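# Understanding the architecture of this molecule
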Amino acid sequence: MYEILDAIADSYNPLLGLVTLMLLAYTLWRRRWAAAGRLSQTLFGGLAIAYTVQWLDHSLDIWPALGMDYSTHSAVAMVITLSLIAAAPRLRIPALIGLLGYALLMLYQEYHSVADIFSTALVITPLWCGVLLLSRAVSREVATQSA
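In what follows, the accompanying structure is described.

### With respect to the overall build of the protein
On a plain count of helices and strands, the protein comes out with 6 helices and 0 strands. Starting at the N terminus, the α and β elements of the protein follow one another as α-α-α-α-α-α. With the C-alpha coordinates aligned to their principal axes, the bounding extent of the protein is approximately 55 × 35 × 20 Å. Split into buried and exposed, the 147 residues of the protein put 39% on the buried side. Counted over contacts in the protein with a minimum sequence separation of 6, partners at least 24 positions apart contribute 72%. Surface accessibility of the protein: about 8800 Å² in total, with carbon and sulfur atoms responsible for 70%.

Here is the structure:
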């Protein structure tokens, strides 16, 4: 049973990423350039943040110094989920249920503790929100210059 749940956990972020990339492709196909730009910025900017924080943690041992572990899997899942919700608010409930289920699965499989997941979210979410605000400001600036 552990192996089956492990396979599900391992496939969650890639599948969530695929859904988000499909939404991006659909947005581009619909020629919604500004929306596609915002989704790209929040998704890829957020992923850059998640992996930069991972690198900082590995370099400086931030989480271990606090007796915790930075959860890259949680950070990536948060970034993709938040980007998906920002681009398609109608998917908010299923995306949040999926994220909660993923967190519970990580806890059940003992990959991370509640503190690991929560502390990661406390760092990643505000940084991602900064990317969202920046992407919206850029989008407004581009729209103003185009008008």
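Further notes follow.
### Some words on the packing of helix α1 (residues 2-29) against helix α4 (residues 72-87)
Any two packed helices are characterised by how steeply their axes cross, that is the angle between the axes, and by the distance between the axes. Put simply, α1 and α4 touch, their axes get as near as 10 Å, and they point 25 degrees apart. Judged on the interaxial angle alone, α4 and α1 are roughly parallel. The crossing of α1 and α4 is left-handed. Contacts between α1 and α4 involve Y12, N13, L16, G17, V19, T20 and L23 from the first element and H73, V76, A77, I80, T81, L84 and A87 from the second. Taken together, the residues that form the contact of α1 with α4 break down as 9 nonpolar, 5 polar and no charged.

### Remarks on the packing of α4 against helix α5 (residues 92-108)
For the pair α4 and α5, interaxial distance at closest approach is 9 Å and the crossing angle is 175 degrees. When the axes of α4 and α5 are compared, the pair comes out roughly antiparallel. On α5, the residues that touch H73, S74, A77, M78, T81, L84 and I85 of α4 are R92, A95, L96, L99, Y102 and M106. Of the residues contributing to the contact of α4 with α5, the split by class is 9 nonpolar, 3 polar and 1 charged.

### A closer look at a nonpolar patch on the surface
A contiguous nonpolar patch, built from W55, L56, L60, I62 and L66 and spanning about 520 Å² of accessible area, is present on the exposed surface. Per-element tally for the nonpolar patch: the top contributor is helix α2 (residues 33-60), with 3 residues. Look at L60 and you get exposed, because its relative accessible area is 57%.

### Describing α4
For α4, which comprises 16 residues, the first-to-last C-alpha distance of 22 Å matches the rise-based estimate of 22 Å (1.5 Å per residue) to within 8%. Counted residue by residue, α4 has 13 buried out of 16 residues, so it is predominantly covered.

### Notes on the packing of aromatic side chains
According to the stated counting rule, one finds 3 aromatic pairs in the structure shown. Look at Y12 and Y102: their rings are 4.5 Å apart centre to centre, the planes differ by 15 degrees, and that puts the pair in the stacked class. Highlighted residues: Y12 in helix α1 and Y102 in helix α5, separated in sequence by 90 residues. Geometrically, the ring pair formed by Y26 and W29 is tilted, given 5.9 Å between the ring centres and 35 degrees between the ring planes. Of this pair, Y26 and W29 both sit in helix α1, 3 residues apart, roughly one helical turn. When its relative accessible area of 43% is taken as the criterion, Y26 is described as partly exposed.

Parameters and conventions
- Residues numbered from 1 in each chain as written.
- Predicted model: local features only at pLDDT ≥ 70, side-chain atom pairs only at ≥ 80, totals over all residues.
- Heavy atoms only, no water.
- Helix = DSSP H or I, 4+ residues; strand = E, 2+ residues; numbered from the N terminus.
- Buried < 20%, exposed > 50% of the residue type's maximum accessible area, 1.4 Å probe, protein only.
- Contact = heavy atoms within 4.5 Å.
- Areas by Shrake-Rupley, 256 points an atom, 1.4 Å probe, with all protein chains shown as cover.
- Axes fitted to C-alpha atoms, helices over the stretch in contact; angles between N-to-C directions.
- Parallel < 35°, antiparallel > 145°, perpendicular 65-115°, else oblique.
- Left-handed = near helix turned anticlockwise from the far one by under 90°.
- Nonpolar A, V, L, I, M, F, W, Y, C, P; charged D, E, K, R; others polar.
- Patch = residues over 30% accessible without salt bridge, like charges linked within 9 Å, V, L, I, M, F, W, Y side chains within 5 Å.
- Salt bridge = Lys/Arg side-chain N within 4 Å of Asp/Glu carboxyl O.
- Expected span 1.5 Å × (residues − 1).
- Phe/Tyr/Trp six-rings, centres within 6.5 Å; stacked < 30°, edge-to-face > 60°.

That is the geometry; function is a separate question.
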